[in-house]
Amino acid sequence: MSMFEKDVVINKAVTLFNAGLLKKSLKETLSAKKKYPDEPFIYNLLGVLYSQIGSFEDSIKNYSKAIKLDPKYFEAYNNMGVAYTNWKKIDKAISYFDRAIQISPLYAEAYNNKGNALKEKREYELAIETYEKSIHLNQNYIDALSNLAMVYDILGNFTKAQKYFNRALLLDPSNTSLLYNLANCLFNSEGYKQAIEVCKKIIKLDASFYYAYNRLGLCYIQLELEIEAKEFFEKSIKINPNYVEGLTNYGFILQKLRNYSLASYQFEKALKIDPNSDEAFVNLSRAYFDQGRLSKAIEVAKSGLLVKQTNIPLLKNLIAALLFLNRFDEASVECKKILSIENKDPNTINLMGTILEKQGLYDQAKKHFLRALELDKNFALAKINIATLYQLEGNIEKANKIYADIVNEQSDNPEILYRRSALAFKLEHFKEGWRYYEYRWKVSPQNTVIWPIQDKPLWTGERADRVVLWREQGIGDDIIFLSLVPEVSQICSRLSVYVDPRLQELCKRAMPEINLISDEKTLKREKCDYHLPI
């Protein structure tokens, strides 16, 4: 066949490749190889095609054949390096990029690809040097400009990162991938409002770009606009129902909005799509924990740890559930696993101290709390735990002093204020104790409770038309606090009370003027101006 006929055959295969028709292109290229077994370009094209479909061994074999036929074929060396990079054999990849550069010192693409390999190795300074060489050879090389920007983003040099992203965008203002990387950089630098503007620009260019909707959701979370965040996560997974990160983030915001059952459903879907998703396991176990489904939380955590034994957030979720069930020995075993990985983490050391305290091993617990404070002198929770030990030992004066110091340091920390309530009651400082006790709603596990009445203010003792009181604790607490109900009825026109069903008949006889609510469904429908947990 003539050179013209060979070009026609090769061009047909290349056209199919450029159109994304990889299988058809592969078929044509294999056919061309039979006709022209000594043509290096054909083997190079086969290498590219096999690399695209993830068949790296076949890819390498064909690049090697191309190089054997033409030892100066620098493009084949470069492509071989790309295949090895994708195959995660980074050192081999770099050696082939170096060979391509040796043959063709002005080959900007090889420098860019070598930079990518160095970035994979986390050799960021060398990657920067290599990208800069690529850009020096080709000032308008968008990929190299973008890759350089991403390395600066990783290193936290957001000013330089944005400079190179913007430089690339001057060359291609409608490049949605570039815009998305810029939005990520702005997000990482806490420029959430600017990131939102960039994401909205992406959506104008391509309304199906679901990553941008997801990033918008993350920005709105940071701005504490949960409803807006939820809407954008919903749009993201509507476009791509199998987008694991979108499902996970949607579940997270639902969890934050206390819709735990729907949140769990999203995490379950994410795990069906990606059974190895560490984040989905962590979030699903937490969602079950927040629902009070502790056995299920433990089951999910243990399943996730089979996938990755060193998943520390998942280990902490498992420990939290075990502690709630008073399974202290098991919690201790899991905590020691974390300490074998992070033996200088104050949070984990403090957690071990908490477990030892629950086991009644106060001296060992105190050593752990003090060790946590050595590592972080401002660690308020460790200080609280030491105060609790003093309280258990009967050393009220020392406990009180620690609490006073912590409150002065962190007067708005709900955990500190709530924990201090127990000490205030012990000292018979009841007014102070009840004031601090109200912070229980802001700490675990009460901060996950869904109140039966959502859209009305809490009653604070003012005169009112309609007030609803609802049970928060067990029957014993109901009996204690019901003695105060007649006083409440004197300062409101209509008082409704939801108590344990076993007390209903007794309350009807003792307080016939009170509207007694029999179940939670009725409670949620009850009209009121104010409400308050009993």
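Residues numbered from 1 in each chain as written. Predicted model: local features only at pLDDT ≥ 70, side-chain atom pairs only at ≥ 80, totals over all residues. Heavy atoms only, no water.

**Q** Outline the packing of aromatic side chains, supporting the account with residue identities and numerical values.
**A** Counting across every chain of the model gives 21 aromatic pairs. Taking the centre distance of 5.6 Å and the plane angle of 45° together, the rings of Tyr180 and Phe209 count as tilted. In this pair, Tyr180 is assigned in helix α11 (residues 176-188) and Phe209 in the loop between α12 (192-205) and α13 (210-222), connecting sequence segments 29 residues apart. Side by side, Tyr180 and Phe209 carry an identical accessibility label, which is buried. Judged by centre distance (4.9 Å) and plane angle (65°), the ring pair of Tyr210 and Tyr243 falls under edge-to-face. In this pair, Tyr210 sits in helix α13 while Tyr243 sits in the loop between α14 (226-239) and α15 (244-256), placing the two residues 33 residues apart along the sequence. Taking relative accessible area as the criterion, Tyr210 reaches 19% and is therefore assigned buried. Judged by its relative accessible area of 7%, Tyr243 is buried. Seen from the ring of Phe187, Arg215 lies directly overhead, with NZ or CZ sitting 4.6 Å from the centre. The ring of Tyr436 carries the charged tip of Arg435 above its face, separated from the ring centre by 4.9 Å. (Phe/Tyr/Trp six-rings, centres within 6.5 Å; stacked < 30°, edge-to-face > 60°. Helix = DSSP H or I, 4+ residues; strand = E, 2+ residues; numbered from the N terminus. Buried < 20%, exposed > 50% of the residue type's maximum accessible area, 1.4 Å probe, protein only. Lys NZ or Arg CZ within 6 Å of the ring centre and 35° of its normal.)

**Q** For the state of the cysteines, give the residues involved together with the corresponding values.
**A** Summed over all chains, the structure comprises zero disulfides. Here Cys199 is not disulfide-linked; the sulfur of Cys219 is the nearest cysteine sulfur, at 5.6 Å. Judged by relative accessible area, Cys219 falls into the buried class, the value being 0%. (Disulfide = S-S within 2.5 Å.)

**Q** Please provide a residue-by-residue account of the side chain of Asn214, values included.
**A** Along the polypeptide, Asn214 turns up in helix α13. Residue Asn214 is classed as buried on the basis of its relative accessible area, which comes to 0%. Setting aside anything within four residues of it in sequence, one finds Asn214 in contact with Phe233, Ser236, Tyr243, Glu245, Gly246 and Asn249. (Contact = heavy atoms within 4.5 Å.)

**Q** Could you give an account of the pattern of salt bridges, naming the residues involved and the relevant values?
**A** Tallied over the full model, the rule gives 25 salt bridges. One salt bridge connects Glu28 with Lys12, and the closest N-O pair in it is separated by 3.5 Å. Placement of Glu28 in helix α2 (residues 22-35) and of Lys12 in helix α1 (residues 3-18) is noted, with a sequence separation of 16 residues between them. When its relative accessible area of 46% is taken as the criterion, Lys12 is described as partly exposed. Asp278 serves as the salt-bridge partner of Lys308, at 3.5 Å between the closest nitrogen and oxygen. In this pair, Lys308 is assigned in the loop between α18 (294-307) and α19 (312-324) and Asp278 in helix α17 (residues 278-290), connecting sequence segments 30 residues apart. Judged by its relative accessible area of 36%, Lys308 falls in the partly exposed class. Three or more residues joined by partner-sharing salt bridges are found here, namely Asp91, Lys121 and Glu123. (Salt bridge = Lys/Arg side-chain N within 4 Å of Asp/Glu carboxyl O.)

**Q** Explain the packing of helix α16 (residues 260-273) against α17 residue by residue, including any values.
**A** One way to put it is that α16 packs onto α17 with a least axis distance of 9 Å and a crossing angle of 155°. Here α16 lies roughly antiparallel to α17, going by the angle between them. The two elements α16 and α17 meet at a crossing, and its hand is left-handed. Counting all contacts with α16, which are made through Tyr260, Ser264, Phe267, Glu268, Ala270 and Leu271, the residues of α17 involved are Ala280, Phe281, Asn283, Leu284, Ala287, Tyr288 and Asp290. Considering only residue class, the contact of α16 with α17 consists of nine nonpolar, two polar and two charged. (Axes fitted to C-alpha atoms, helices over the stretch in contact; angles between N-to-C directions. Parallel < 35°, antiparallel > 145°, perpendicular 65-115°, else oblique. Left-handed = near helix turned anticlockwise from the far one by under 90°. Nonpolar A, V, L, I, M, F, W, Y, C, P; charged D, E, K, R; others polar.)

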